[in-house]
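# Inside the fold
Here's the letter readout for the chains.
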Amino acid sequence: MTIPFSYIIRNLVTRKVTTLLTAGGMALVVFVFATVLMLEEGLRKTLVETGSPDNVVVTRRSAGTEIQSVISRDQAAIVENQPEVAYGASNMRLTSKETIVLISLTRRDSDKSSNVLIRGVGQTGILLRPQVKIINGRMFRPGLSEIIAGKSIADRYKGAGIGEKLRFGKREWTVVGIFDAGKTGFDSEIWGDVDQLMQAFRRSVYSSVILKMSDPAAFQKLKVRIEGDPRLTLEAKKESVFYAEQSQLLSNFIRYLGVALSSFFSVGAIIGAMITMYASVANRIMEIGTLRALGFRRKNNLSAFLTESLILGAAGGIVGLVLASFMQFFTISTMNWQSFSELAFGFTLNLSIIIKSFVFALIMGLIGGFLPAVQAAHLSIVDSLRAA
Amino acid sequence: MENFSAPIVHIKNLTKSYRRGGQIVSVLTDITFDIPSGEFIALMGPSGSGKSTLLNLIAGIDKPDSGTLKVGGIDIAILSEGDLADWRAANVGFIFQFYNLMPVLTAFENVELPLLLTQLSYKERRERVELALIMVGLSDRMEHYPSELSGGQQQRVAIARAFITDPVILVADEPTGDLDRTSAGEILAILDRLNSEMEKTIIMVTHDPHAAKTAHLIRYLEKGQLDVAD
Ligand SMILES: Nc1ncnc2c1ncn2[C@@H]1O[C@H](COP(=O)(O)OP(=O)(O)OP(=O)(O)O)[C@@H](O)[C@H]1O
Ligand SMILES: [Mg+2]
């Protein structure tokens, strides 16, 4: 047996204020750490879920994003006629030739404006994205200046609500529907009829062509054919991969910032824990010596003090995670530099983040308590009894 | 109650010095004496004469420089640190001037502490601890924390902790040094009972001639040497 757990716990409880401050410091660091991971995960989830694995996005080779991509009408026709394309109801080919335009809209809560992505789609565009659902109003009609707006755009921008009107491309457009695209990137877009938009913006080329494959396993064959066709100079990517790649830059930025921030703060929290634990050892020198005289070993004292600081770390971890879990109720919107448009995403907590944050908290406790615990174990019995 | 069988403590030509700031301070120069089993001995002498040092050596929490140091027939000077810890847990009970109780543990838990190093079940430990606290007259204070007890009561808890494992020797370093006359009297009475009824060998360091009278034998330590009292 070893030094009883109640002895360790009660020593922490006795020093209420110090314990709370030390654990509180670690809780803040864990909060920052977990929040950043949650943000990165939220972004990843948003963009990965934007794409479906059986959809293929075809863009100009090395364009990177749809905005920089250009596909001529002839090229689009070739792509649309690939044999892997799936058929929908009434033998309609499930493809969508799309065009992307960025316009500047003014926020409802301030006079600041941001770029918002307008996607011109065919009537099939919505069939290709089952995650997009009209929750208010109706779908735009082809041939009219009608648009539908993603929920997060409708909520945040002037003129984007149902029944409101927006001016762009020298025309007035009526918002006839609001769609909910879940937590995907489409939620931050406005959709309209592709032909109407190309007319308004005097465009003769598409940005991308989206295909639904009848058999996702045939993707490699399709890709090789499209990318090998000398008439095309296009590339094909699975939609899920396409959107995941778009989040890379922002995701890396969030991760590096988060790691830098939490390592910086963790140094403070570890020093705090170390000071607390050194004080704890200094206040209990007589007890350490007495325990040894009674027959307890150096390692018993070592593990008692390590346990004490691990408990501090664990308490900090739990509190920090509880605080961080409240962040799930918030949505953040920021500029995605790869598409130059607004992107709304949330904080997503998952088991892996919980484990990482908790381990991080325990490591802080362990590092903070290590030297004090070693000091406690190294004291000679006679010296510690004389110190009383 | 003399016992002329093999001595429980056998010390021969024992020396001990400390290093302090590069200088070697000789504390015990040449100690030779035996303590018979079942003895109650008081160690007296001026401050700094090495009484605590000698007691610590006998109790196995410090190591001599040279000489023979046998307790209960075991040469404790050559035991490894771990073996010595086990030996102390089984054979020595400690009583300190300032009681040295764990402030966050109750009287019961303080007395139970040494039993956590044994194989006893919780039920067995509970029975033993309750009995020990009854013996020192604190059956109604088991759940009290040290801060809720008087000095004399704390020292009685400490004595219960010292004999709970049924050790062969009890070492007490100025056990009444921090107590008033009445409390000191109670402590000495308990020590006397432990010696006469439970046949514990007790080695007590004290400055108090009154306390020393409770012991059956008084030894004086002066300048690292032992003198037999008249
Ligand atoms: N761990 C140590 N390190 C250095 N010097 C020590 C140590 N322990 C004791 N000494 C020295 O050894 C000498 C004897 O100390 P000890 O504590 O044995 O005396 P004592 O007789 O118990 O005195 P007192 O009556 O004041 O308690 C003193 O000079 C003391 O300063
Ligand atoms: Mg002393």
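In this text the structure is predicted, and so the values were computed from the model without any measurement.

It is worth spelling out the overall build of chain A at this point. A count of helical and extended segments in chain A gives 12 helices and 12 strands. Relative to the 2.2 N^0.38 estimate, which gives 21 Å for 388 residues, the radius of gyration of chain A is 30 Å and therefore markedly larger than a compact globule would have. A buried classification covers 53% of the 388 residues belonging to chain A. Within chain A, residue pairs in contact and separated by at least 24 positions form 78% of the contacts whose partners lie at least 6 positions apart. Total accessible area computed for chain A in this model is approximately 16900 Å², and 64% of it derives from carbon and sulfur atoms. Of the side-chain charges in chain A, 43 are positive and 30 negative, and the distance between the mean point of each set is 6 Å.

Before going further, it helps to examine the overall build of chain B. Scanning chain B for helices and strands turns up seven helices and 10 strands. In terms of C-alpha radius of gyration, chain B reaches 17 Å, essentially the compact-globule figure of 17 Å for 230 residues. Along the longest, intermediate and shortest principal axes, the C-alpha atoms of chain B span 45 × 45 × 40 Å. Counting all 230 residues of chain B, 52% fall into the buried class.

Judged by nonpolar contacts, the single largest core of 56 residues is most densely connected at Trp191 and Met364 of chain A. Contributions of two or more residues to this core are made by α2 (16–50), β7 (171–180), α7 (239–246), α8 (248–283), α10 (298–325), β12 (341–346) and α11 (351–378) of chain A. Sort the elements by how many residues they give to this core and α2 of chain A lands first, with 13 residues. Residues within four places of Trp191 of chain A in sequence aside, it is in contact with Arg119, Val121, Gly125, Ile126, Arg129, Val132, Phe140, Ile147, Ile148, Phe179 and Phe186 of chain A. Among the nonpolar cores identified, the runner-up in size contains 39 residues, and Ala42, Leu120, Val136 and Phe163 of chain B belong to it.

What follows is about the site of ligand 1. Residues in close proximity to ligand 1 total 15 residues, the closest being Arg386 of chain A together with Ser47, Lys51, Ser52 and Thr53 of chain B. Flanking ligand 1 are residues from chains A and B. Ser47 of chain B places a side-chain nitrogen or oxygen 2.5 Å from an oxygen atom of ligand 1. In this structure, Gly48 of chain B approaches ligand 1 through a main-chain N or O atom, which is 2.9 Å from an oxygen atom. Mapped by element, the contributors of at least two residues to the shell around ligand 1 are α12 (381–386) of chain A together with β1 (7–20) and α1 (51–58) of chain B. Broken down by element, the residue count for the shell around ligand 1 peaks at three residues, all from α1 of chain B.

Tallying the contact residues gives 21 residues for chain A and 27 residues for chain B. Summing the contributions of chain A and of chain B, the shared interface buries around 2200 Å²; its carbon and sulfur component is 65%. Counting across the interface, chain A meets chain B through four salt bridges. Connecting chain A to chain B are eight residue pairs in polar contact (both at pLDDT 80 or more). At the level of elements, α1 (5–14), α9 (285–294) and α12 of chain A are the ones that each hand at least two residues to the side of chain A that touches chain B. For the side of chain A that touches chain B, the leading source of residues is α9 of chain A, giving seven residues.

What follows concerns helix α2 (residues 81–91) of chain B. Of all the residues in α2 of chain B, the buried ones are Gly82, Leu84, Ala85, Trp87, Arg88 and Ala89 of chain B. Packed against the buried residues of α2 of chain B are α9 and α12 of chain A together with α1, β4 (66–71), β5 (74–75) and β6 (92–95) of chain B.

Before going further, it helps to examine the packing of α8 of chain A against α9 of chain A. Residues and elements named next belong to chain A. Packing of α8 against α9 leaves a shortest axis separation of 4 Å and a crossing angle of 60°. On the basis of their axis angle, the class for α8 and α9 is oblique. On α9, the residues that touch Val281, Ala282 and Asn283 of α8 are Ile285, Glu287 and Ile288.

Now for the sheet that holds β5 of chain B. Residue and element names in this part refer to chain B. Pairing is antiparallel across the open sheet formed by four strands, whose spatial order is β2-β1-β4-β5. The sheet terminates laterally at β2 (23–36) and β5, the two strands that pair on one side only. As paired strands, β1 and β4 are joined by five bridges and run antiparallel to one another. Paired with His10 across the two strands is Lys70, which belongs to β4. The strands that α1 touches are β1, β2 and β4; relative to β1, the one it contacts most, it runs at about 125°.

Let us look at the packing of aromatic side chains. Residue and element names in this part refer to chain A. Scanning all chains against the criterion turns up nine aromatic pairs over all chains. When the centroid spacing of 5.3 Å and the interplanar angle of 90° are considered together, the rings of Phe242 and Tyr243 count as edge-to-face. With respect to class, Phe242 is no different from Tyr243; both count as buried. Where Phe264 meets Phe265, the ring centres are 5.9 Å apart and the plane angle is 55°; that geometry is what we call tilted. Residue classification places Phe264 among the exposed positions, given a relative accessible area of 61%.

Now for the confidence of the model for chain B. Residues shown with low pLDDT carry predicted positions that ought not to be read at fine detail. Looking at chain B as a whole, its pLDDT mean stands at 92, while 96% of the residues score no less than 70. This complex was scored by the predictor with a pTM of 0.80 and an ipTM of 0.94.

Under the defined criterion, the tally for this structure stands at 31 salt bridges over all chains. In this structure, the salt-bridge partner of Arg297 of chain A is Asp86 of chain B, at a minimum N-O distance of 2.9 Å. Taken together, the residues span two chains, with Arg297 of chain A in the loop between α9 and α10 and Asp86 of chain B in helix α2. A residue is classified by how much of its surface remains accessible, and Arg297 of chain A, at 26% relative accessible area, is partly exposed. The salt bridge involving Arg298 of chain A is made with Glu81 of chain B; its shortest N-O contact spans 2.6 Å. Residue Arg298 of chain A is found in helix α10, and its partner Glu81 of chain B is found in helix α2; the two belong to separate chains. Its relative accessible area of 28% is what places Arg298 of chain A among the partly exposed residues. For Glu81 of chain B, a relative accessible area of 42% translates into the label partly exposed.

Turning to helix α4 (residues 122–135) of chain B, a few remarks are in order. Residues and elements named next belong to chain B. Taking 1.5 Å of rise per residue, the 14 residues of α4 would be expected to cover 20 Å, and the 20 Å separating its terminal C-alpha atoms lies within 8% of that figure. Looking only at α4, the buried set comprises Arg125, Val129, Ala132 and Leu133. In a view along the axis of α4, the buried residues occupy a sector of 95°, so they form one face of it. Across from the buried face of α4, at angles greater than 90 degrees, the exposed residues are Lys123 and Leu131. Taken together, the buried residues of α4 touch α3 (107–112) and α5 (151–163). Positive backbone phi, at 75°, marks Gly137, one or two positions downstream of α4.

Alignment of β1 of chain B against β2 of chain B, held across 10 bridges, turns out to be antiparallel. Each residue of the ladder has a partner; that of Arg20 of chain B, found in β2 of chain B, is Gln23 of chain B.

Reading the values: the criteria
Residues numbered from 1 in each chain as written. Chains lettered and ligands numbered in written order. Predicted model: local features only at pLDDT ≥ 70, side-chain atom pairs only at ≥ 80, totals over all residues. Heavy atoms only, no water. Helix = DSSP H or I, 4+ residues; strand = E, 2+ residues; numbered from the N terminus. Rg over C-alpha atoms; globule rule 2.2 N^0.38 Å. Buried < 20%, exposed > 50% of the residue type's maximum accessible area, 1.4 Å probe, protein only. Contact = heavy atoms within 4.5 Å. Areas by Shrake-Rupley, 256 points an atom, 1.4 Å probe, with all protein chains shown as cover. Lys, Arg positive; Asp, Glu negative; His and termini not counted. Charge placed at Lys NZ, Arg CZ, Asp CG, Glu CD. Core = buried A, V, L, I, M, F, W, Y, C linked by side-chain atoms within 4.5 Å. Near = heavy atom within 4 Å. Polar contact = N/O pair within 3.5 Å; in protein donor to acceptor, adjacent residues only side chain to side chain. Buried area = accessible area lost by both parts, 1.4 Å probe. Salt bridge = Lys/Arg side-chain N within 4 Å of Asp/Glu carboxyl O. Axes fitted to C-alpha atoms, helices over the stretch in contact; angles between N-to-C directions. Parallel < 35°, antiparallel > 145°, perpendicular 65-115°, else oblique. Pairing = 2+ DSSP bridges. Phe/Tyr/Trp six-rings, centres within 6.5 Å; stacked < 30°, edge-to-face > 60°. pLDDT = per-residue confidence, 0-100. Expected span 1.5 Å × (residues − 1). Arc of directions from axis to C-beta.

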